[in-house]
Amino acid sequence: MSPPRRRLLVAARHAHDAAARGLKPLSAQQLDNAVNGILGLPGVTHVRVLRPGERRLRAFDANGFDGAAASVHVIEANEDTASRLKLQASVSDSLLVEEDAALRYGAARLTFPAAVSPADAVTAVNFRFRVLGSDDSPVSGAQVNLRLDCVNLSAVTDAAGIAEIAGYVVPGSTVQYLQILPQYGYWDLYAENPSLRTDAANEVRLASLAAAFPGFPQGFRHGWGQKMMGLDQLTKALSGRGVRIAVVDSGADRRHPQLGHLRTGLDFTDHATADSWATDDIGHGTHCAGIIGAAGQSGLVGFAPEAEIHVLKIFPDGRVSGLLDALEYCIEEGIDLVNLSLGTDAVSELVESRLAECVAHGVACVVAAGNSGGPVQFPARSRHVLAVAAVGAASQVQPWSWDVSQYTPQLAAADGVFSPLFSCYGREVAVAAPGVGIVSTYPGGSYKPESGTSMAAPHVTGLAALLLAHHTDLRTGSAAQRGPARVQQLFTLVRDAARNYPFGAERVGAGVPTLDGLEEKLDAAPAARATEAPALATASAGPRAPGRDATAFLHTLAASHASTPAGQLAARFRALRASPLHVRTTSRTAADDDASTGPCPSPPAPRSEARPVAAGTPASPEAAALSRANGAGDEPTELPSGSPPSTVTDIRGLSPAQEADVRRIVDEAIASALERDREAPVQRHHAVTRCDGHHESVS
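Residues numbered from 1 in each chain as written. Predicted model: local features only at pLDDT ≥ 70, side-chain atom pairs only at ≥ 80, totals over all residues. Heavy atoms only, no water.

> Kindly report on the overall build of the chain, identifying the contributing residues and their values.
For the chain, the helix and strand inventory stands at 17 helices and 29 strands. Counting every position in the chain, which comprises 699 residues, the buried fraction comes to 55%. A separation of at least 24 residues holds for 78% of the contacts in the chain among residues at least 6 apart in sequence. Element-wise, carbon and sulfur atoms account for 52% of the exposed surface of the chain, whose accessible area totals about 29000 Å². (Helix = DSSP H or I, 4+ residues; strand = E, 2+ residues; numbered from the N terminus. Buried < 20%, exposed > 50% of the residue type's maximum accessible area, 1.4 Å probe, protein only. Contact = heavy atoms within 4.5 Å. Areas by Shrake-Rupley, 256 points an atom, 1.4 Å probe, with all protein chains shown as cover.)

Encoded structure:
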C-alpha cells in the first residue's frame, strides 16, 4: 500500500494583501522560481495550475499590480514533505502553502460510528426489513441505518424492498436509532429506541410526497419555504430575467422537466466532459437549482425561473481548488449571484482573497452556514459573503421524519417557526431561510425532501435575484454599476427585508427575508445589465490639480528617465499606477475599461516582521525553495525618484485623445529603453513579466 499523499496549493499572497502589510508583492517569475524549487524536492509532483482570467489581470493592472503573481499551483507531496512545506511557508510573508482541503456538501444527516469487527465483539445480529410505500409498493434503493449503542449497521433495499442487515455488536446492545433514507419520492423515516424483531421481517411504510401534496407533482407550484418568503404572492412578470446566477455544486440534471431550460455550465471535476455539468449523480445541485430557478407551466416554480443559471460542477470530490476555479469563472463571466451550499472547517486565505475579488467585480456570494450544529463553517464565515442559517416550520415537519428530532421548544417562536439544532450559528450569520423538509427537484425527473442550510441558501439566492432584477434601488446610482457598492446594497436590502425571530442574532442574523411589502419597489420591466464600476485603486486618488497637462507631465517623466534600464522603467510606471496619477499604460478599448475592476479593499493589516532562519542554521531544502519567493538574490525594484505628489493631475478623466497620448508616451518610453538595453548590455539580467504570466528575458 502506497503511503498517503497530500494535495497542496502554492501561491503568492494576494498583491493587495501584501501591499497592505507593507510588502512588495511577489512577481510571477518569483512564484515560478519558488514552485520549481518545491518540485525539486523528493516526493513532490505538479498536478495543475490555476491561471487568472483576463478580468482579474486587468484589475491587477489597473491597481498597479501588473506583473504580480496571480496563478495558483496544485501539487501533491508525501506526508513528511507536505508538513515541512507548510511549516516553512508559515514563516513566509509572501508565499502561501495551503491544503487543497476537501469541501462538504449535502443535507443535514445523522452521523454514525464505524461498525465493529468480530474481534471486538462476540454477538452476531441479523435484521430483515421490508420497506413499502403508502400504496404497499416496494421501495427499492432505500438506505436502512441502524445504530446499536456504539455500532452502525447499514444496508440498501433491493427491488422487492428487502434489506438484510447483519453484523457484530457488543453483548447487551440495544437499538438506539432506525433511519430509512429513500432515494426520492418519499419522506425519510426516523425512530428512536424502536422495537425490532430478529426472527421475522420488520415491515416499514414510508409516507409519499404525493400523499402530502394533492395533485403532486403537477399541482405543486411552491414549497412552504417559498410561500413563507412571499414568492407565491408575486406576479409572474417578476421572474429574475437578466440576472446571472451560478450554482456551484454537484451539477444539475437538465433532463428534469423543470430544469430543461438550463443551457450553460462547466464541469471542474477530474472527469469532465463537454456536457457533464448537466448530469448529477448526487442530487444536491439539482435540488438547489430547482429552488432557485425551476420553471414550467405546471409543477414546481423557483424564485427566478427566467434568470440565466450557470451550473458549475465541483462535486463529487470537491476541493478548494475547484472552488477557486468556479469563482474565477464567475468573475470572468460577469455572474451576479453565486450560490455556495458547501463548506469546510479550514479557512483558506486564497479563497478569502478570491471572494474579495468577487465583491470588487460585483459578484455577490450567498453561502450556507453549515449543518454541524456548531460554529459557522468556511466560507460562510468570510466577511465578503452573505451567510445563511436555516429555520423550520413546526406545521410542516412530517411525523416520523428525522426533522422531528431537530425541533426544541427553546428555539421555537409562537408561530411555530423554529431554529433547527443542526444549523450552524455565530455572529457571521446574516439571515436565515427555510431549510427543513424542503421539497425540490431531484435527478431522474423526481422530487425529494431535504433539510439543511444547503437548502436555505438557495432560498436567499433566489430572493436576491428578484431584488437585483426588479428592485428600483438597484437600478440607479452606484448600485447600477457592478462593484462593491452594488453588492453591499443588495446585502443590505436582503437584511432589511427580514422578519426577526426571538432565537438571537447568532442563529438567524437579521431574520428571514420576505418579499412582503416590497411590491411597490419591484419593477417588472427588464433592467439593463449593470455596467462595470471603475477599477478600484489601492490608494486614494487625492485632490485634483486642474490645469496640469498629464501628457506633458509624462513627456517630462519619460525624458528624465532616459538612462533607466527597461525593467526598472516599467516598474516605475507600475508604481505610478498605484499613485494618485493612475496612469494606464496598456492599450484597451472602451469595453475593456468598462470591464475593469479591482480587488476589494481590505483594512490595513499589521506588517509581519520577517522571521529568517537563524544565522548559522543550515536551511532545509524546503526553506531554500521558499526563500526564492521572498526575492532572495533579486535586486529590489527601485521606486521612482521624485514621485509625483498627490496634487498631480488625476488622469482618470482624460479624453480618448489624451488617453491615446498617454499610452503612446509610455509605450515609446519602454520601447526606447528596451532598444537602448539591447545596444548597450547592462551588468545584470532583467526578467520582464507580462500580466498573462509569461516571462521575457531582456539582457
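> Tell me what's going on with the packing of aromatic side chains, and back it up with residues and numbers.
In the structure shown here, the tally under the stated rule is 13 aromatic pairs. Note on Tyr184 and Tyr442: the rings are 6.2 Å apart at their centroids and 40° apart in plane angle, and the pair reads as tilted. Linking Tyr184 in the loop between β10 (175–181) and β11 (189–192) with Tyr442 in strand β22 (residues 438–442), this pair joins segments that are 258 residues apart in sequence. By way of ring pairs, the aromatic residues Trp187, Phe213, Phe216, Phe220 and Tyr447 are connected into one cluster. (Phe/Tyr/Trp six-rings, centres within 6.5 Å; stacked < 30°, edge-to-face > 60°.)

> Lay out the pattern of salt bridges with the relevant residues and their values.
Under the counting rule described, the total for this entry stands at 27 salt bridges. The partner of Arg7 in a salt bridge is Glu76, with the nearest N and O atoms 3.0 Å apart. Taken together, the positions of Arg7 in strand β1 (residues 5–12) and Glu76 in strand β3 (residues 72–78) put the pair 69 residues apart, joining distant regions of the chain. The buried category is assigned to Arg7, whose relative accessible area is 18%. Among the residues examined, Glu76 registers a relative accessible area of 23% and is labelled partly exposed. Its salt-bridge partner being Asp336, residue Arg482 comes within 2.7 Å of it at the nearest N-O pair. Of this pair, Arg482 sits in strand β24 (residues 481–482) while Asp336 sits in the loop between α8 (320–332) and β16 (337–340), and the two are 146 residues apart along the sequence. Judged by its relative accessible area of 2%, Arg482 is buried. (Salt bridge = Lys/Arg side-chain N within 4 Å of Asp/Glu carboxyl O.)

> Give me the side chain of Asp325: which residues, what numbers.
Inspection of the secondary structure puts Asp325 in helix α8. Taking relative accessible area as the criterion, Asp325 reaches 15% and is therefore assigned buried. Beyond its immediate chain neighbours, meaning those up to four positions away, Asp325 contacts Arg48, Leu50 and Phe268.

> Can you explain the sheet that holds strand β8 (residues 151–156)? Please cite residues and give values.
Taking strand neighbours across the sheet as the criterion, the 4 strands line up as β8-β7-β10-β11 in an open arrangement whose pairing is antiparallel. Each of the sheet's edge strands pairs with one partner strand only, and the pair in question is β8 and β11. Sheet twist, expressed as the average angle between the axes of neighbouring strands with direction ignored, equals 10°. Relative to β10, strand β7 (residues 143–148) runs antiparallel, the two sharing 6 bridges. Paired with Gln143 across the strands is Leu181, a residue of β10. (Pairing = 2+ DSSP bridges. Axes fitted to C-alpha atoms, helices over the stretch in contact; angles between N-to-C directions.)

> Tell me about the packing of α8 against helix α9 (residues 349–360), and name the residues and values.
It is at 10 Å that the axes of α8 and α9 come closest, and there the two elements cross at 15°. Considering their axes alone, α8 and α9 lie roughly parallel with respect to each other. By crossing handedness, the relation of α8 to α9 is classed as left-handed. Residues Val320, Leu323, Leu324, Leu327, Glu328 and Ile331 of α8 form the contact with α9, whose own contacting residues are Leu350, Val351, Arg354, Leu355, Glu357 and Cys358. (Parallel < 35°, antiparallel > 145°, perpendicular 65-115°, else oblique. Left-handed = near helix turned anticlockwise from the far one by under 90°.)

> Explain the sheet that holds strand β6 (residues 123–132) to me, and be specific about the residues and the numbers.
Think of a sheet as strands paired side by side through backbone hydrogen bonds, with each pair either parallel or antiparallel. Taken together, the 3 strands give an open sheet; going across it, the order is β9-β6-β12, and neighbouring strands pair in mixed fashion. Only two strands of the sheet have a single partner each, and these edge strands are β9 (162–169) and β12 (202–205). With direction set aside, neighbouring strand axes in the sheet form an average angle of 30°. In the sheet, β6 pairs with β12 via 4 bridges, with the strands oriented parallel. Paired with Val131 across the strands is Val204, a residue of β12.

> Give me the lowdown on the side chain of Thr157, citing residues and values where you can.
Take Thr157: it is sitting in the loop between β8 and β9. There is a polar contact of 3.0 Å between the side chain of Thr157 and the backbone nitrogen of Gly141. Within the local environment of Thr157, its side chain forms a polar contact with the backbone nitrogen of Ala142, the two atoms lying 2.8 Å apart. Apart from residues no more than four positions distant in its own chain, Thr157 is found in contact with Val131, Val139, Ser140, Gly141, Ala142, Val144, Ile162 and Ala163. (Polar contact = N/O pair within 3.5 Å; in protein donor to acceptor, adjacent residues only side chain to side chain.)

> Could you give an account of unusual backbone geometry, with specific residues and numbers?
Residues other than glycine predominantly adopt negative phi, and peptide bonds predominantly adopt the trans conformation. Cis geometry marks the peptide bond from Phe216 to Pro217; its omega dihedral reads 5°. By the secondary structure assignment, Pro217 is in the loop between α5 (209–212) and α6 (224–228). Look at the link from Phe315 to Pro316: it is a cis peptide, with omega at 5°. Mapped onto the fold, Pro316 is located in the loop between β15 (308–313) and α8. We note that Trp400 has phi near 70°; this positive angle belongs to a residue other than glycine. Within the fold, Trp400 resides in the loop between β19 (386–393) and β20 (417–418).

> Before we move on, could you go through a negative patch on the surface and cite the residues and values that matter?
Side chains of Asp232, Asp516, Glu519 and Glu520 sit close together on the surface and give a patch of like negative charge. As for its placement among the helices and strands, Asp516 is situated in the loop between β26 (512–513) and β27 (531–532). (Patch = residues over 30% accessible without salt bridge, like charges linked within 9 Å, V, L, I, M, F, W, Y side chains within 5 Å. Lys, Arg positive; Asp, Glu negative; His and termini not counted. Charge placed at Lys NZ, Arg CZ, Asp CG, Glu CD.)

> Pulling in residues and values, what's your account of the environment of His471?
The topology assignment puts His471 in the loop between α10 (453–470) and β24. Counting along the chain gives 51 residues from His471 to Leu522, while the straight-line C-alpha distance between them is 4.5 Å. Once residues within four sequence positions are removed from consideration, His471 is found in contact with Leu466, Leu493, Leu518, Lys521 and Leu522. Of the polar contacts made by the side chain of His471, one reaches the backbone nitrogen of Asp473; its length is 3.1 Å.

> Tell me what's going on with the packing of α10 against helix α11 (residues 484–496), and back it up with residues and numbers.
With their axes 10 Å apart at the nearest point, α10 and α11 run at an angle of 115° to one another. Crossing of α10 against α11: the hand is right-handed. The residues of α11 that touch α10, namely those facing Val460, Leu463, Ala464, Leu467 and Leu468, are Arg486, Leu490, Leu493 and Val494. Here the residues of the contact of α10 with α11 are counted per class, giving 8 nonpolar, no polar and 1 charged. (Nonpolar A, V, L, I, M, F, W, Y, C, P; charged D, E, K, R; others polar.)

> Tell me about the state of the cysteines, residues and numbers included.
Across all of its chains, the model carries 0 disulfides by this definition. Lacking any disulfide linkage, Cys365 is separated from the closest cysteine sulfur, that of Cys358, by 4.4 Å. (Disulfide = S-S within 2.5 Å.)

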